[in-house]
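So the chains spell out like this:
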Amino acid sequence: MNDLTTPGLAATLNVPFYQPVGNECALFEYAFRNRLPLLIKGPTGCGKTRFVAHMAARLTRPLITVSCHDDLTAADLVGRHLIGDGQTVWSDGPLTRAVRQGGICYLDEVVEARKDTTVVLHPLTDDRRILPIERTGEELHAPDEFMLVVSYNPGYQNLLKSLKPSTRQRFVAINFGFPPAALEQKIVIAETGAAPLLATQLVTLAGHFRQLKDHDLEEAASTRLLVYAASLIGAGCDPVAACEAALVEPLTDDPDTAQALLEVIKATFGQ
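Quick caveat, the model's predicted, so the values are computed rather than measured. (Residues numbered from 1 in each chain as written. Predicted model: local features only at pLDDT ≥ 70, side-chain atom pairs only at ≥ 80, totals over all residues. Heavy atoms only, no water.)

Now for the confidence of the model for the chain. For the chain, per-residue confidence averages 91 on the pLDDT scale, and residues scoring 70 or more make up 93% of the total. Of all helices and strands in the chain, the one with the weakest mean pLDDT is helix α1 (residues 7–12) (48), whereas helix α2 (residues 24–33) scores best (98). The model gives residues 5–9 a pLDDT under 50, and that stretch makes seven contacts with residues more than four places away or in other chains. (pLDDT = per-residue confidence, 0-100. Helix = DSSP H or I, 4+ residues; strand = E, 2+ residues; numbered from the N terminus. Contact = heavy atoms within 4.5 Å.)

Quick look at the structure:
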């Protein structure tokens, strides 16, 4: 594949910018070429969704994304009969559309879906690569271009929300984390046009905040939040106010913790 890590080149070719951290782009392509389903694990805001969009564009495949939730049913994925103009019409769900189109179906936060819903994925994730549609009696054979990608945040897992071993072992997996500081600075600059000094300050702040995860903070400061902060500052917002809105309030409701984070921000920006 071509090197599309340069923001200008990626934009010209209508490919969402993504900064590789390791060999994840090559692994994705290997999985795609060998018709293997892919599981992406990583914390909120570390770039999982952007990565999938980037790879779908690089591979010139349509991307259909489903945000999973507790009420997601198998019919929501596969499809259902609808009544309109006095007649019943079958309507494909997103998974079925992706199979028919030879596209990439991305199930975001798949552990949020009910376990009886994810079972519908099993025939697509082994050597059969089929999608039975029980309500119509149709059996779709996935074309070579079809790929199933799912993601979840391991930090949210518990006994009630986890992938069954029989489901996990149907996927090859990539583990995502937050990028090294130098790469994260490049991402903030590429996404927002921020000055290098500002990008360095924000990434340093994130490093301090991430050390508090599982102590004073339930969730780490994400790369996405750094981009939000840089965007606010780039629009003319005071840096401390921008960081409070993007890096403090989304992470905690505890007044003492928020005040402590705010003091670190003020020290960083010399206030």
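Picking up where we left off.
What follows deals with the pattern of salt bridges. Throughout the structure, instances matching the rule amount to ten salt bridges. For Arg-33, the salt bridge goes to Glu-29, with nearest N and O atoms at 3.2 Å. Of the two residues, Arg-33 and Glu-29 both sit in helix α2, four residues apart, roughly one turn of that helix. When the shortest N-O distance is used, the salt bridge between Asp-126 and Arg-128 registers 2.8 Å. Residue classification places Arg-128 among the partly exposed residues on the basis of a relative accessible area of 44%. Among the charged side chains, a salt-bridge network with shared partners connects Asp-92, Arg-100 and Glu-138. (Salt bridge = Lys/Arg side-chain N within 4 Å of Asp/Glu carboxyl O. Buried < 20%, exposed > 50% of the residue type's maximum accessible area, 1.4 Å probe, protein only.)

The next thing to look at is the sheet that holds strand β8 (residues 147–152). Spatial ordering of the open sheet is given by β2-β5-β8-β1-β9, a layout of five strands whose pairing is parallel. The strands lining the two open edges of the sheet, one partner per strand, are β2 (63–67) and β9 (172–175). Averaged over neighbouring strand pairs, the angle between their axes works out to 20 degrees when direction is ignored. Those strands touched by helix α5 (residues 94–101) are β2, β5 (104–108) and β8, and its axis lies near 165 degrees from that of β2. (Pairing = 2+ DSSP bridges. Axes fitted to C-alpha atoms, helices over the stretch in contact; angles between N-to-C directions.)

A word on the pairing of strand β3 (residues 79–84). Across six bridges, β3 lies against strand β4 (residues 87–92) in antiparallel orientation. Bridged to Leu-82 within β4 is Val-89. Connecting β3 to the antiparallel partner β4 that follows it, the hairpin turn spans two residues, and Asp-85 within it adopts a positive phi of roughly 55 degrees.

With that settled, the discussion passes to the packing of α2 against helix α3 (residues 48–58). Interhelical geometry of α2 versus α3 gives an angle of 55 degrees and a closest axis separation of 11 Å. Judged by the angle between their axes, α2 and α3 are oblique. Here α2 runs over α3; the crossing is right-handed. Along its contact with α2, which presents Glu-24, Cys-25, Phe-28 and Glu-29, the element α3 presents Phe-51, Met-55 and Arg-58. (Parallel < 35°, antiparallel > 145°, perpendicular 65-115°, else oblique. Left-handed = near helix turned anticlockwise from the far one by under 90°.)

Two descriptors summarise a pair of aromatic rings, namely the distance from one centre to the other and the angle between the planes of the rings. Under the defined criterion, the tally for this structure stands at three aromatic pairs. The interplanar angle of 50 degrees and the centroid separation of 5.1 Å between the aromatic rings of Tyr-18 and Phe-51 together place this pair among those described as tilted. With Tyr-18 in the loop between α1 and α2 and Phe-51 in helix α3, this residue pair connects regions lying 33 residues apart in the sequence. Centroid distance Phe-51 to Phe-176: 5.2 Å. Interplanar angle 50 degrees. Geometry classified as tilted. Placement of Phe-51 in helix α3 and of Phe-176 in the loop between β9 and α8 (181–192) is noted, with a sequence separation of 125 residues between them. Like Phe-51, the residue Phe-176 is buried in the burial classification. Site record: aromatic cluster; members linked through ring pairs are Tyr-18, Phe-28, Phe-51 and Phe-176. (Phe/Tyr/Trp six-rings, centres within 6.5 Å; stacked < 30°, edge-to-face > 60°.)

Let's shift gears to the side chain of Glu-109. Relative to the helices and strands, Glu-109 is located in the loop between β5 and α6 (115–118). The buried charged residue Glu-109 lacks any salt bridge, with Lys-48 as its nearest oppositely charged partner at 4.4 Å. Separated by 3.2 Å, the side chain of Glu-109 and the backbone nitrogen of Asn-153 make a polar contact. (Lys, Arg positive; Asp, Glu negative; His and termini not counted. Polar contact = N/O pair within 3.5 Å; in protein donor to acceptor, adjacent residues only side chain to side chain.)

Before going further, it helps to examine helix α10 (residues 223–234). Spanning twelve residues, α10 covers 16 Å between terminal C-alpha atoms, matching the ideal 16 Å at 1.5 Å per step. The complete set of buried residues in α10 reads Thr-223, Leu-225, Leu-226, Val-227, Ala-229, Ala-230 and Ile-233. Structurally, α10 contributes buried residues whose contacts are with α8, α9 (196–210) and α11 (239–248). One or two steps after α10, the chain reaches Gly-236, where phi turns positive at roughly 110 degrees. (Expected span 1.5 Å × (residues − 1).)

This next bit is on helix α12 (residues 255–268). A turn of α-helix holds 3.6 residues, and therefore any two residues three or four places apart point the same way. Given a rise of 1.5 Å per residue, 14 residues ought to cover 20 Å, and the 20 Å separating the end C-alpha atoms of α12 matches this to within 8%. Turning to α12, its buried residues number three or more, namely Thr-257, Ala-258, Leu-261, Leu-262 and Ile-265. Along α12, the residues classed as buried sweep out an arc of 135 degrees about the axis, all on the same side. For α12, exposure combined with an orientation more than 90 degrees from the buried face picks out Asp-256 and Ala-267. Those residues of α12 that are buried are in contact with α9 and α11. (Arc of directions from axis to C-beta.)

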